[in-house]
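Chain and residue survey
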Amino acid sequence: MSLMSEIQALRAEIDARAHTAQHERAASGPAAPSGAEGTDTQAGLESFVKTVDETLAEFSEDIGKYPQLAALAALGVGLAVGVVIGRQLR
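Residues numbered from 1 in each chain as written. Predicted model: local features only at pLDDT ≥ 70, side-chain atom pairs only at ≥ 80, totals over all residues. Heavy atoms only, no water.

**Re the side chain of Thr-55**
Residue position: Thr-55 is located in helix α2 (residues 35-58). Here Thr-55 falls in the buried class, since its relative accessible area comes to 8%. The contacts of Thr-55, once residues within four sequence positions are left out, are Glu-6 and Leu-10. (Helix = DSSP H or I, 4+ residues; strand = E, 2+ residues; numbered from the N terminus. Buried < 20%, exposed > 50% of the residue type's maximum accessible area, 1.4 Å probe, protein only. Contact = heavy atoms within 4.5 Å.)

So, in structure tokens, the structure goes:
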């Protein structure tokens with residue numbers, strides 16, 4: 001699996017989770033988040049970071065060969081994590 005297809009798969013997973021979470025929030029109304037939801041959010045974020053770590057480990061040889069690819073991967077991961085965290089804090 002190429003790096004581009006891995007990124008697209010992660011993006012699709014993030015979008016699907018965000019879409020599901022948005023529908024759940026809309027259905028539940030403006031209620032305050034409970035402790036269980038905060039734990040679920042934390043577990044989801046940890047799962048996301050673990051997936052990113054595994055993907056980067058898989059492509060570590062290529063990233064080591066091409067420093068520009070390493071910079072792009074770091075930028076992409078940072079943006080993805082920022083989007084996920086930003087959506088969780090809304």
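**What to know about the confidence of the model for the protein**
Detailed reading of the predicted coordinates is not advisable wherever pLDDT is low. Residues of the protein with pLDDT of at least 70 account for 86%, and the chain-wide mean is 78. Across the protein, the secondary-structure element scoring lowest on mean pLDDT is α2, at 75, and the one scoring highest is helix α1 (residues 3-28), at 83. (pLDDT = per-residue confidence, 0-100.)

**Describing the environment of Arg-17**
Relative to the helices and strands, Arg-17 is located in helix α1. Assessed through its relative accessible area of 43%, Arg-17 is described here as partly exposed. C-alpha separation for the pair Arg-17 and Val-84, spaced 67 residues apart in sequence, amounts to 9.7 Å. With residues near it in sequence (within four places) discarded, Arg-17 still touches Gly-44 and Ser-47. A polar side-chain atom of Arg-17 sits 2.9 Å from a polar atom in the side chain of Glu-13. (Polar contact = N/O pair within 3.5 Å; in protein donor to acceptor, adjacent residues only side chain to side chain.)

**So, the nonpolar core**
Counting five residues, the largest nonpolar core is built from Leu-10, Ile-14, Phe-48, Val-52 and Val-84. For this core, the secondary structure elements donating two or more residues are α1 and α2. With sequence-adjacent residues up to four places away left out, Phe-48 is seen in contact with Ile-14, Ala-80, Val-81 and Val-84. (Core = buried A, V, L, I, M, F, W, Y, C linked by side-chain atoms within 4.5 Å.)

**Topic: the packing of α1 against helix α4 (residues 67-89)**
At a minimum axis distance of 11 Å, the contact between α1 and α4 shows a crossing angle of 5 degrees. As summarised for this structure, α1 and α4 are arranged roughly parallel, according to the angle between their axes. For the pair α1 and α4, contact is made by Leu-3, Ile-14, Asp-15, Ala-18 and Arg-25 and by Leu-69, Ala-80, Val-84 and Arg-87, respectively. Taken together, the residues of the contact of α1 with α4 break down into six nonpolar, no polar and three charged. (Axes fitted to C-alpha atoms, helices over the stretch in contact; angles between N-to-C directions. Parallel < 35°, antiparallel > 145°, perpendicular 65-115°, else oblique. Nonpolar A, V, L, I, M, F, W, Y, C, P; charged D, E, K, R; others polar.)

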